[in-house]
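Descriptive structure summary
The residues making up each chain are set out below.
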Amino acid sequence: QKAMADLGFRPNHAARRLAAGVPNRPRVVALMPFFTTAFYFTVCKALSETLSAADMDLVLVDVRDQQEADRHLDRLIAERSSEGVVLCSMDISDERRSQFETLNLPIVALDCNTKTIPHVAVDNVEGGRMLSRHLSECGSTHQALIIGTRGAEVFRDRERGFREVC
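Remember, it's a predicted structure, so these values are computed and weren't measured experimentally.

What follows covers the side chain of E159. Structurally, E159 is set in helix α7 (residues 153–165). Residue E159 is classed as buried on the basis of its relative accessible area, which comes to 11%. Residues contacting E159, with those up to four places away along its chain left out, are L145, I147 and R150.

Among the structural elements, C112 can be located in the loop between β4 (107–110) and β5 (119–120). When the C-alpha positions of C112 and M90 are compared, they lie 6.1 Å apart, and in sequence the two are 22 residues distant.

With that settled, consider helix α6 (residues 124–137). The end-to-end C-alpha separation of α6 is 20 Å, in line with the 20 Å expected for 14 residues at 1.5 Å each. The set of residues buried in α6 consists of N124, V125, G128 and S132. Across the axial projection of α6, the buried residues extend over an arc of 120°, all falling on one side. Exposed residues on α6 whose side chains face more than 90 degrees from its buried face are M130 and E137.

Attention now moves to unusual backbone geometry. With phi around 60°, S89 is a residue other than glycine that occupies positive phi space. Inspection of the secondary structure assignment puts S89 in the loop between β3 (84–88) and α5 (94–102). With phi around 55°, N104 is a residue other than glycine that occupies positive phi space. Within the fold, N104 resides in the loop between α5 and β4.

As a further point, take the packing of helix α4 (residues 66–79) against α5. One way to put it is that α4 packs onto α5 with a least axis distance of 11 Å and a crossing angle of 20°. Between α4 and α5, the angle falls in the class roughly parallel. Where α4 crosses over α5, the handedness of that crossing is left-handed. The residues of α5 that touch α4, namely those facing D70, L73, D74 and I77, are R96, Q99 and F100. Partitioning the contact of α4 with α5 into residue classes produces 3 nonpolar, 1 polar and 3 charged.

To continue, consider the pattern of salt bridges. In the structure shown here, the tally under the stated rule is 11 salt bridges. Between E159 and R163 there is a salt bridge, and its shortest N-O distance comes to 3.1 Å. A residue pair is termed a helical-turn pair when its members lie 3 or 4 positions apart in one helix, as E159 and R163 do in helix α7 at 4 residues. For R163, a relative accessible area of 58% gives the class exposed. Linked by salt bridges that have partners in common, E126, R129, R133 and E164 make up one network.

Quick notes on the rules
- Residues numbered from 1 in each chain as written.
- Predicted model: local features only at pLDDT ≥ 70, side-chain atom pairs only at ≥ 80, totals over all residues.
- Heavy atoms only, no water.
- Helix = DSSP H or I, 4+ residues; strand = E, 2+ residues; numbered from the N terminus.
- Buried < 20%, exposed > 50% of the residue type's maximum accessible area, 1.4 Å probe, protein only.
- Contact = heavy atoms within 4.5 Å.
- Expected span 1.5 Å × (residues − 1).
- Arc of directions from axis to C-beta.
- Axes fitted to C-alpha atoms, helices over the stretch in contact; angles between N-to-C directions.
- Parallel < 35°, antiparallel > 145°, perpendicular 65-115°, else oblique.
- Left-handed = near helix turned anticlockwise from the far one by under 90°.
- Nonpolar A, V, L, I, M, F, W, Y, C, P; charged D, E, K, R; others polar.
- Salt bridge = Lys/Arg side-chain N within 4 Å of Asp/Glu carboxyl O.

Shown next as structure tokens:
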């Protein structure tokens, strides 16, 4: 135990499952603040259905902030316990991206405009514009926008686009 602690040994979960003779299904880990908005439940459903069709498991990890995400990523890297990682609404450092490249571990970001890793993002400013245009086309002359907290960049972006057109 002391030698393992001194060396920073972390068990490899895939090897442990193989040694135990249990199924070793591939899995993808998704880190997301999924208790914050309904958006993440929709993302989870789509990820789960798609991975299930590919005979892969989805492991969801709820994270509150970047420090918590980094702790989970450290463990995933040390244990090599997944075949891929999905980050929702968060980015990683260049150093972290380099770790994933070295391990040949795929990683993708959703709902985040990042320059460090492949990503899928939403143009929230254009979404706000589209909403106002649609309301105008439907005859609305007095528009209002109800959004979440202004502390979130996505809501500020939607409001900016909405105000530009409205």
